[in-house]
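Commentary on secondary and tertiary structure
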Amino acid sequence: MQAYPIVLLEDDEDLGQMVVMMLSMKGHSVLPFLQIEDFWGHLEQNIPQLIITDMLLSGADGREICKELKAAEKTKDIKVLMMSAHPDAEASCLDAGASAFVHKPFDMKYFVGKVNDLLDSQDL
């Protein structure tokens, strides 16, 4: 099984495909998930370097997901990049434990730069 250093949790399939394509063109391996259950199932066996998630997902809150990730010993060190179109989302996402935040819609170059910064800052 191929290792995916980046996992994307995004319930908007079109946006998810765009993010995967954009990051893949820059040499990153990204595994997208539309469903929260599939995402948690994957994390049981695989620990990525970075998780990218939307703040508001169908039936789930990305901030709560981030809190769960940060509370668990196995996943607490994974970098989390959260994104949202909500104008007041950044502070609450960072308070939930996100490593960084990007406002939607985002500039592709800025987004890729954030991803690169987070991957470069991994504690090895």
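Now for a quick tour of the structure. Values in this document were obtained by computation on a predicted structure and should not be read as measured data.

The next subject is the overall build of the protein chain. When helices and strands are counted, the protein chain shows 5 helices and 7 strands. Of the regular secondary structure in the protein chain, the N- to C-terminal order runs β-α-β-α-β-β-β-α-β-α-β-α. For the protein chain, the C-alpha radius of gyration of 13 Å lies close to 14 Å, the compact-globule estimate for 124 residues. Once the C-alpha set of the protein chain is aligned to its principal axes, its extents read approximately 35 × 30 × 30 Å. Buried positions account for 44% of the 124 residues belonging to the protein chain. Within the protein chain, residue pairs in contact and separated by at least 24 positions form 63% of the contacts whose partners lie at least 6 positions apart. Accessible area of the protein chain: about 6800 Å², with a carbon and sulfur share of 50%. On the protein chain, the mean spot of the 10 positive side-chain charges and the mean spot of the 21 negative ones are 6 Å from each other.

The next point concerns the packing of aromatic side chains. Evaluation of the coordinates by the stated rule reveals 3 aromatic pairs. Seen from their ring centres, Phe33 and Phe39 are 6.4 Å apart, and the 75 degrees between their planes marks the pair as edge-to-face. For the pair formed by Phe33 and Phe39, the shared burial category is buried. With a centroid separation of 4.4 Å and an interplanar angle of 15 degrees, the aromatic rings of Phe106 and Phe111 are classed as stacked. In this pair, the class of Phe106 matches that of Phe111, namely buried.

Below, the discussion takes up the sheet that holds strand β7 (residues 100-103). A sheet is described by the order of its strands in space; here 5 strands give the open sequence β2-β1-β3-β6-β7, paired in parallel fashion. Sheet topology places β2 (30-33) and β7 at the edges, where each strand pairs with a single neighbour. Each neighbouring strand pair of the sheet contributes to a mean axis angle of 20 degrees, computed without reference to strand direction. Across 4 bridges, strand β1 (residues 6-9) lies against strand β3 (residues 50-54) in parallel orientation. Bridging from a neighbouring strand, Ile6 pairs with Leu50 of β3. Contacts from helix α1 (residues 13-25) reach β1, β2, β3 and β6 (79-84) within the one sheet, and its direction differs from that of β1 by about 165 degrees.

Here we come to helix α2 (residues 36-45). All of the buried residues in α2 are Ile36, Phe39, His42 and Leu43. Projection of α2 onto a plane perpendicular to its axis shows the buried side chains occupying an angular sector of 120 degrees, all on one side. α2 presents Glu37, Glu44 and Gln45 as exposed residues on the side facing more than 90 degrees away from its buried surface. Packing partners of the buried residues in α2 comprise β1, β2, β3 and α3 (62-71).

This part covers the packing of α2 against α3. Taken N-terminus to C-terminus, the directions of α2 and α3 make an angle of 15 degrees; their axes are 13 Å apart at the nearest point. Between α2 and α3, the angle falls in the class roughly parallel. Between α2 and α3 lies a crossing whose hand is right-handed. Of the residues in α3, those in contact with Ile36, Phe39, Trp40 and Leu43 of α2 are Ile65, Glu68 and Leu69. Split into classes, the residues belonging to the contact of α2 with α3 amount to 6 nonpolar, no polar and 1 charged.

Definitions and cut-offs
- Residues numbered from 1 in each chain as written.
- Predicted model: local features only at pLDDT ≥ 70, side-chain atom pairs only at ≥ 80, totals over all residues.
- Heavy atoms only, no water.
- Helix = DSSP H or I, 4+ residues; strand = E, 2+ residues; numbered from the N terminus.
- Rg over C-alpha atoms; globule rule 2.2 N^0.38 Å.
- Buried < 20%, exposed > 50% of the residue type's maximum accessible area, 1.4 Å probe, protein only.
- Contact = heavy atoms within 4.5 Å.
- Areas by Shrake-Rupley, 256 points an atom, 1.4 Å probe, with all protein chains shown as cover.
- Lys, Arg positive; Asp, Glu negative; His and termini not counted.
- Charge placed at Lys NZ, Arg CZ, Asp CG, Glu CD.
- Phe/Tyr/Trp six-rings, centres within 6.5 Å; stacked < 30°, edge-to-face > 60°.
- Pairing = 2+ DSSP bridges.
- Axes fitted to C-alpha atoms, helices over the stretch in contact; angles between N-to-C directions.
- Arc of directions from axis to C-beta.
- Parallel < 35°, antiparallel > 145°, perpendicular 65-115°, else oblique.
- Left-handed = near helix turned anticlockwise from the far one by under 90°.
- Nonpolar A, V, L, I, M, F, W, Y, C, P; charged D, E, K, R; others polar.

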